[in-house]
Amino acid sequence: MNRYVRPFAELLAPALGCDIETAQDGIAPPPKPGMGELGFACFALAKERRQAPPAIAAEVAAAAAESLSPGGPIAAIKAVGPYVNAFLDAPQVADEVVRTVFAEGEAFGRLDIGRGGAVPVDFSSPNIAKPFGIHHLRSTVIGHALVGLLEASGYRPIGINHIGDWGTQFGQLLAIWQDQGDEARLADEGIDYLLSLYVEFNRRKAEQPELQDRARACFKSLEDGEAESRRLWKLFRDVSLAEFERVYGLLGIRFDDVRGESFYEDLMAPVLAELQAGGLLTESEEATVVDLEEWDLGVALVRKRDGSTLYITRDLAAADYRRTTYDFTRSLYVVGGAQSLHFKQMKQILSLLGRDWADQIEHVPFGLMRFSDRKMSTRSGDIILLEAVLEQAVALARETILSGASDKGRPPPDGLDDLARQIGVGAVVFNDLKHRRARDVVFDWDEVLSFEGSTGPYLQYTAARIASMSDKFRDRFGWVPGEQPAGQGDDATDLARLDRPEELALCLALDGLPASLERAVRLCEPSLVADRLLDIAARFSTLYAQRDWKVISDDAATSGARMMLALATRRALVNGLGWLGIEVPARM
Ligand code: ARG
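Because the structure is predicted, anything quoted here is derived from the model rather than measured.

Visitor: What is the right way to look at the overall build of the chain in this model?
Guide: Secondary structure summary: the chain contains 22 helices and 14 strands in total. The principal-axis extents of the C-alpha atoms in the chain amount to approximately 85 × 70 × 45 Å. The 588 residues of the chain split such that 52% are buried. Considering only contacts in the chain between residues 6 or more positions apart, those separated by 24 or more positions represent 73%. Charged side chains of the chain number 65 positive and 87 negative; the gap between the two group centres comes to 3 Å.

Visitor: Is there a simple way to explain the site of the ligand in this structure?
Guide: The immediate surroundings of the ligand are formed by D122, S125, N127, H136, H162, Y311, D315, Y333, V335, Q339 and F343. In the environment of the ligand, a nitrogen atom lies 2.9 Å from a nitrogen or oxygen atom belonging to the backbone of S125. At 2.9 Å from an oxygen atom of the ligand is found a side-chain nitrogen or oxygen belonging to Q339. Relative to its unbound accessible area of 340 Å², the ligand is 89% covered by the protein chains. For the shell around the ligand, the residue count by class is four nonpolar, five polar and two charged.

Visitor: What exactly am I supposed to notice about the sheet that holds strand β3 (residues 74-80) here?
Guide: Across the sheet, which stays open at both edges, the four strands sit in the order β1-β2-β4-β3 with antiparallel pairing between neighbours. Lying at the two open borders of the sheet, with one neighbouring strand each, are β1 (27-28) and β3. Seen against the sheet, helix α4 (residues 53-66) touches β3 and β4 (83-88) and runs at an angle of roughly 165° to β3.

Visitor: Is there a simple way to explain the sheet that holds strand β12 (residues 361-364) in this structure?
Guide: Backbone-to-backbone hydrogen bonds join strands into a sheet, with any given pair of strands oriented parallel or antiparallel. What the five strands build is an open sheet, ordered β7-β6-β5-β11-β12; its pairing is parallel. On the outer flanks of this sheet lie β7 (257-258) and β12, each paired with one strand and no other. Across five bridges, strand β5 (residues 118-122) lies against strand β6 (residues 156-161) in parallel orientation. Bridging from a neighbouring strand, D122 pairs with I160 of β6. Here helix α14 (residues 340-352) sits on the sheet in contact with β11 (331-334) and β12, set at roughly 175° to β12.

Visitor: How do you make sense of the confidence of the model for the chain when you look at a structure like this?
Guide: Any segment with low pLDDT has predicted coordinates that should not be analysed in fine detail. This prediction gives the chain a mean pLDDT of 93; 98% of its residues lie at or above 70. Within the model, pLDDT remains below 50 along residues 375-382, and this stretch shows 16 contacts once partners closer than five positions in the same chain are excluded.

Visitor: How should I be thinking about the packing of helix α5 (residues 90-104) against helix α22 (residues 556-580) in this particular structure?
Guide: Look at α5 against α22: their axes get within 9 Å of each other, and the N-to-C directions meet at 55°. Compared by their axis directions, α5 and α22 come out oblique. Crossing geometry of α5 relative to α22 is assigned as left-handed. Touching V98, R99, V101 and F102 of α5 are M564, L565, L567, A568 and R571, all from α22.

Visitor: Explain the side chain of T288 to me, please; I cannot follow it from the model alone.
Guide: With respect to the element layout, T288 can be found in strand β9 (residues 287-291). On the basis of relative accessible area, T288 is assigned to the buried category, the value being 3%.

Visitor: Teacher, can you tell me more about the pattern of salt bridges here?
Guide: A side chain of one charge can pair with a side chain of the opposite charge when the charged atoms of the two come close. Tallying each qualifying case throughout the model produces 41 salt bridges. Here D179 makes a salt bridge to R214, at a shortest N to O gap of 3.2 Å. Here R214 lies in helix α10 (residues 209-223) and D179 lies in helix α7 (residues 169-180), a separation of 35 residues in the sequence. The partly exposed category is assigned to D179, whose relative accessible area is 36%. Ionic pairing is found between R231 and E228, a salt bridge with its closest N-O pair at 3.1 Å. One end of the pair, R231, and the other, E228, are both in helix α11 (residues 227-251), three residues apart, so they sit about a helical turn from each other. Given a relative accessible area of 38%, R231 falls into the partly exposed group. Overall, the relative accessible area of 39% leaves E228 in the partly exposed class.

Visitor: I would appreciate a short explanation of the environment of G424 in the present structure.
Guide: The residue G424 is located in helix α16 (residues 416-433) in this model. Note: C-alpha distance between G424 and A393 (31 residues apart in sequence) is 4.6 Å.

Visitor: Got a minute to help me understand a negative patch on the surface in this structure?
Guide: A surface patch of like charges, here negative, comprises D291, E293, E294 and D296. Its location among the elements puts D296 in the loop between β9 and β10 (299-304).

Visitor: Hey, could you run me through the nonpolar core in this one?
Guide: In a soluble, globular protein the nonpolar side chains are often hidden away together inside. Ranked by size, the top nonpolar core spans 155 residues in total, and within it L12, V84 and L580 carry the most contacts. For this core, the element with the highest residue contribution is α22, accounting for 12 residues. Excluding anything up to four places from it in sequence, L12 contacts A23, I27, F40, V60, A64 and V84. Membership of the second largest hydrophobic core comes to 29 residues, among which are A317, V335, M346 and I349.

Visitor: Any chance you could explain the pairing of β9 here in plain terms?
Guide: Each regular strand displays side chains that alternate between the two surfaces of the sheet. Judged by how many residues are buried, β9 sits mostly within the fold: four of five residues are covered. Here strand β8 (residues 281-283) folds back onto β9 in antiparallel fashion, the turn holding three residues. Strand direction decides the pairing type here: β9 and β10, joined by five bridges, are antiparallel. If you follow D291 over to β10, its bridge partner there is V299.

Visitor: Help me out: how do you make sense of helix α12 (residues 268-277) in this one?
Guide: Because each turn of an α-helix spans 3.6 residues, side chains separated by three or four positions in sequence point in the same direction. Buried within α12 we find M268, V271, L272 and L275. Taken down its axis, α12 places every buried residue within 95° of arc, on the same side. Opposite the packed face of α12, turned more than 90 degrees from it, sit the exposed residues A269 and A277. Taken together, the buried residues of α12 touch β8, β9, β10, α13 (311-326) and α14. Downstream of α12 by a residue or two, G279 has a phi angle that is positive, lying close to 65°.

Visitor: Sorry, what's going on with the packing of aromatic side chains here?
Guide: The description of an aromatic ring pair rests on the distance of the ring centres and on the angle between the ring planes. Overall, the coordinates contain 18 aromatic pairs when judged by the stated rule. For the pair F451 and Y461, a centre-to-centre distance of 6.2 Å together with 70° between the ring planes defines the contact as edge-to-face. With a gap of 10 residues between them, F451 in the loop between α17 (445-448) and α18 (456-477) and Y461 in helix α18 connect regions that are remote in the sequence. On the basis of relative accessibility, which here comes to 27%, the residue F451 falls in the partly exposed class. By relative accessible area, Y461 is classed as partly exposed at 31%. One aromatic cluster is present, built from ring pairs that chain together F123, Y248 and F255. It is K130 that lies over the ring of Y198; its NZ or CZ is 5.5 Å from the centre. It is R230 that lies over the ring of W233; its NZ or CZ is 5.4 Å from the centre.

Rules and cut-offs
Residues numbered from 1 in each chain as written. Predicted model: local features only at pLDDT ≥ 70, side-chain atom pairs only at ≥ 80, totals over all residues. Heavy atoms only, no water. Helix = DSSP H or I, 4+ residues; strand = E, 2+ residues; numbered from the N terminus. Buried < 20%, exposed > 50% of the residue type's maximum accessible area, 1.4 Å probe, protein only. Contact = heavy atoms within 4.5 Å. Lys, Arg positive; Asp, Glu negative; His and termini not counted. Charge placed at Lys NZ, Arg CZ, Asp CG, Glu CD. Near = heavy atom within 4 Å. Polar contact = N/O pair within 3.5 Å; in protein donor to acceptor, adjacent residues only side chain to side chain. Areas by Shrake-Rupley, 256 points an atom, 1.4 Å probe, with all protein chains shown as cover. Nonpolar A, V, L, I, M, F, W, Y, C, P; charged D, E, K, R; others polar. Pairing = 2+ DSSP bridges. Axes fitted to C-alpha atoms, helices over the stretch in contact; angles between N-to-C directions. pLDDT = per-residue confidence, 0-100. Parallel < 35°, antiparallel > 145°, perpendicular 65-115°, else oblique. Left-handed = near helix turned anticlockwise from the far one by under 90°. Salt bridge = Lys/Arg side-chain N within 4 Å of Asp/Glu carboxyl O. Patch = residues over 30% accessible without salt bridge, like charges linked within 9 Å, V, L, I, M, F, W, Y side chains within 5 Å. Core = buried A, V, L, I, M, F, W, Y, C linked by side-chain atoms within 4.5 Å. Arc of directions from axis to C-beta. Phe/Tyr/Trp six-rings, centres within 6.5 Å; stacked < 30°, edge-to-face > 60°. Lys NZ or Arg CZ within 6 Å of the ring centre and 35° of its normal.

Written out as structure tokens, the structure is:
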């Protein structure tokens, strides 16, 4: 939680007669303000000793208080009902926490728990010749955030885009192309055109069974490397990748490794041979399968009758490839919950093959994204396109900025385009990340783009407002914390002036950032960092809303201390949002 948990646990342990870790695990923030900052509940101990919890709490508090050294950040230990609570000394906490943030700067909050371990993160991974749907948004955004969080924790993440560019559906596309393919239209309409060809194939295949056979033959020719099939397939691939690239550009995402499923074509034979040698394959009329009934995982289809391989076969080869290429400590797959069985089967087969690293593979599933209204018009019926959502968000952000400026009688701000992009895209990304990933997300335009409430724009705005405050501070006092030579400015600032309970609460929220990062990375749950940032911003806003709390006042010493606290808040927001893949405008 924060740096005071451990010292409190050290005081509690002897009084409780347990080890420090056990004491530490029982520490939580007290339920109500005014009850101290850290609390330990005595219910379990009371049950064990068959005593009333308040009586035990009184006993433990008295014993722990005995060994408390006076003048330290833990000012008092008291029993509050059934709890033993620690009361912290606000000025000392502020001094320690705010100085830590300033000393660490961009590194504030970062950890070294990863010790350089490689972690491939398979995310986004759209299918070529299919539109980049909103369902891929979650994988793209959550995966990108995990890359940032892993990096901030000292891991070496490798962002992998496992493009779906192989499989029998490309035979279908080639078959219909033979009848009506038009390269000029492809150049013009891109993926939309390819999608319309799929639709056409499916419409015609019922009345024209010959088409199905032709599709199979086309895929075979593709597998055999026939020149024209390859050329067209490559064209479909390039057209698709160029469209995906636009979305990645908007989101500011770069992958370390973009590798289509087609890459594993030649690597599948060895895996299949190994499965064969291990007696793991069962031939049926239709296909070759691995029987996983024993583990309640059904059967996994690894090869069709006509010899073509399947999604899972390519994933088995890809898993081996990642292992040999990266020697990973963890290997993540950010893919929707609908594919849970697929990943369970994959892991089970890998362990049957004796890959002792199979349990380092983690499927990171997530819920669906639903739209609360149909304001979005889409180009192709019901599929909501990610790019359209992002563009709409940017357009709405732009409108908001412009109307805000005109309300204040101001001209449009400099760098309007950039600002609108940062806010619009940040809003969509944060809306996705703030929910526990397993839950479904409802997308509501008004809520996503609001500058109030639990939104990206609210956090960006809080950070930007602090930057404007520091401009005013500079005008007034001629210096700004964080920019002074050693021994001056912030070093000389008396942070003991930060003695309000709300200031203490904010400092503790700041101090908890690394702990949130640690949990988020362990559980692959970016929302834990999102929650922490919202908590920090909310505590800052509470303070800021107090009528008698002004950063800039005639009292230069207090102003300096408050400006430092505000800038520490900004630093935490900027660092945390950065890990999540969200930019923060310098001014708003
Ligand atoms: N292309 C797949 C889809 O859109 C996702 C691929 C996920 N990654 C993997 N290694 N299976 O459903």
